[in-house]
Amino acid sequence: MFVAKVIGNMVCTHKNENLIGLKLLIVQPVDDQLKDKGKPLVAIDTIGQSGEGELVYLAKSRESSLPLNKDLVPSDAGILGIIDYYNVTKRMEEI
């Protein structure tokens, strides 16, 4: 699992039938300090309530589509929840 910020959405008129009706969002992965980390990617909003500017947690690969209860959903990432509160104390290697 990893944390990302929703930075946009995507509309596709032609897509795999298992993606019909699902919201696709563009997310920017972030590090422990909520700074951008890596490249943005497209994620399925499996909870259907995520929006631009929100901090979310995601799963990658096969686990990304498990909440959908569908077979073979082509996805690289899936939003599993919206983060209401986020706090990171110093990591052990920094102490």
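Just above, that's the structure.
Residues numbered from 1 in each chain as written. Predicted model: local features only at pLDDT ≥ 70, side-chain atom pairs only at ≥ 80, totals over all residues. Heavy atoms only, no water.

(A) Region of interest: the pattern of salt bridges. Taken as a whole and judged by the stated rule, the model has one salt bridge. Residue Lys23 pairs with Asp45 through a salt bridge whose shortest N-O separation is 3.3 Å. Within this pair, whereas Lys23 is found in the loop between strand S1 (2–10) and strand S2 (24–29), its partner Asp45 is found in strand S3 (residues 41–45), the two being separated by 22 residues in sequence. (Salt bridge = Lys/Arg side-chain N within 4 Å of Asp/Glu carboxyl O. Helix = DSSP H or I, 4+ residues; strand = E, 2+ residues; numbered from the N terminus.)

(B) Highlighting the packing of aromatic side chains. Within the structure shown, the criterion is met by zero aromatic pairs. Sitting above the plane of the Phe2 ring, Lys60 keeps its charged end 5.2 Å from the centroid. (Phe/Tyr/Trp six-rings, centres within 6.5 Å; stacked < 30°, edge-to-face > 60°. Lys NZ or Arg CZ within 6 Å of the ring centre and 35° of its normal.)

(C) Seen up close, the nonpolar core. Formed by Phe2, Ala4, Val6, Leu25, Val27, Ala43, Val56, Leu58, Ala77 and Ile79, the largest nonpolar core amounts to 10 residues. Secondary structure elements with two or more residues in this core: S1, S2, strand S4 (55–60) and strand S5 (77–82). Among the elements that take part in this core, S1 stands out by supplying three residues, more than any other. (Core = buried A, V, L, I, M, F, W, Y, C linked by side-chain atoms within 4.5 Å. Buried < 20%, exposed > 50% of the residue type's maximum accessible area, 1.4 Å probe, protein only.)

(D) Representation of the side chain of Gln28. Tracing the backbone shows Gln28 in strand S2. The class for Gln28 is buried, based on a relative accessible area of 7%. Non-local contacts of Gln28, meaning those with residues more than four positions away in its chain, are made with Ala4, Lys5, Ile7, Asp36, Lys37, Gly38, Lys39 and Pro40. (Contact = heavy atoms within 4.5 Å.)

(E) Looking closely at the pairing of S4. The sheet contact formed by S1 and S4 spans four bridges and is antiparallel. Within S4, the residue paired with Ala4 across the bridge is Val56. Taken together, the five bridges between S4 and S5 define a ladder with antiparallel strand orientation. If you follow Val56 over to S5, its bridge partner there is Ile82. (Pairing = 2+ DSSP bridges.)

(F) Broad picture of the sheet that holds S2. Strands sit in the order S1-S2-S3-S5-S4 around a closed barrel of five strands; the barrel is mixed. Strand after strand, the sheet turns through a mean of 55° between neighbouring axes, direction not considered. (Axes fitted to C-alpha atoms, helices over the stretch in contact; angles between N-to-C directions.)

Geometry only, nothing functional implied.
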